[in-house]
Structures are given as C-alpha cells and as structure tokens.
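Okay, here's what each chain looks like letter by letter:
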Amino acid sequence: MSIFTERIDNLLKEKKKTKKELFNHIGISSQSFYDWKNRNTIPAADIAVKIAQYLNTTVEYLITGNKSNPLIDENKELKNKIDKAINILQ
C-alpha cells in the first residue's frame, strides 16, 4: 500500500471530500489512483501538484509526510508580530 495514497485518503476524510470529487477535479481515473496504491508509486509531478492544491497541502507533505514549510512558518511569525503591534497600538 502506498503511503502517498494513504495521505490522500486521510486528507480527503479530514476535508469531508470523496475520491470521486478529487478524480473529477484533477481529471484522472480511479484506476490511476489504484495503480499508484497497488504499485506503491506516485503520479507525475503535474498531477501531484493538482492533488496537493485540491487538498490545500504541499506535494512535499504528500510524498514525505513533512508538514514543515519554511514560508508558512515565516508567515505565521510575521502575523504574530503584526497582531502584537496592533494590540500595542489599541
């Protein structure tokens, strides 16, 4: 079983979406998904990007499970600083 497809399954459940909705949105067949699952492979990069975008995640997470994204972390830190500055000004 493919960890890649397991992560997709988990994110679909989390977001209350179905595989059929995903397949229709990105334009793939269910057979493609089950081939990745059974062969323990990942799709071509363009398809992986579409899947990640649909699930609001990164390709890196789908492949490695790593949720850390330096840009997201920087944005959170910047937002916290802005929030603190706004609170000081109020």
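Caption draft 1: Looking closely at the environment of asparagine 66. Position of asparagine 66 relative to the elements: it lies in the loop between helix H5 (59–64) and helix H6 (70–89). Placed 43 residues apart in sequence, asparagine 66 and phenylalanine 23 show a C-alpha to C-alpha distance of 24 Å. Ignoring anything within four residues of it in the chain, the contact list for asparagine 66 reads Thr58, Glu60 and Tyr61. In this structure the side chain of asparagine 66 is engaged in a polar contact, spanning 3.2 Å, whose partner is the side chain of glutamate 60.

Caption draft 2: Representation of the packing of aromatic side chains. Enumeration according to the criterion identifies four aromatic pairs in this entry. Here the aromatic rings of phenylalanine 4 and tryptophan 36 are separated by 6.3 Å at their centres, their planes lie at 85°, and the arrangement is edge-to-face. Note that phenylalanine 4 is positioned in helix H1 (residues 3–14) and tryptophan 36 in helix H3 (residues 30–39), a separation of 32 residues in sequence. Using a relative accessible area of 10% as the deciding quantity, one classes tryptophan 36 as buried. Centre to centre, the rings of phenylalanine 33 and tryptophan 36 are 6.1 Å apart; their planes meet at 65°, and the pair counts as edge-to-face. Within this pair, phenylalanine 33 and its partner tryptophan 36 are both found in helix H3, separated by three residues, close to a single helical turn. What makes phenylalanine 33 buried here is its relative accessible area of 0%. Sitting over the face of the ring of tyrosine 61, arginine 7 holds its NZ or CZ atom 5.9 Å from the ring centroid.

Cut-off values and rules
- Residues numbered from 1 in each chain as written.
- Predicted model: local features only at pLDDT ≥ 70, side-chain atom pairs only at ≥ 80, totals over all residues.
- Heavy atoms only, no water.
- Helix = DSSP H or I, 4+ residues; strand = E, 2+ residues; numbered from the N terminus.
- Contact = heavy atoms within 4.5 Å.
- Polar contact = N/O pair within 3.5 Å; in protein donor to acceptor, adjacent residues only side chain to side chain.
- Phe/Tyr/Trp six-rings, centres within 6.5 Å; stacked < 30°, edge-to-face > 60°.
- Buried < 20%, exposed > 50% of the residue type's maximum accessible area, 1.4 Å probe, protein only.
- Lys NZ or Arg CZ within 6 Å of the ring centre and 35° of its normal.

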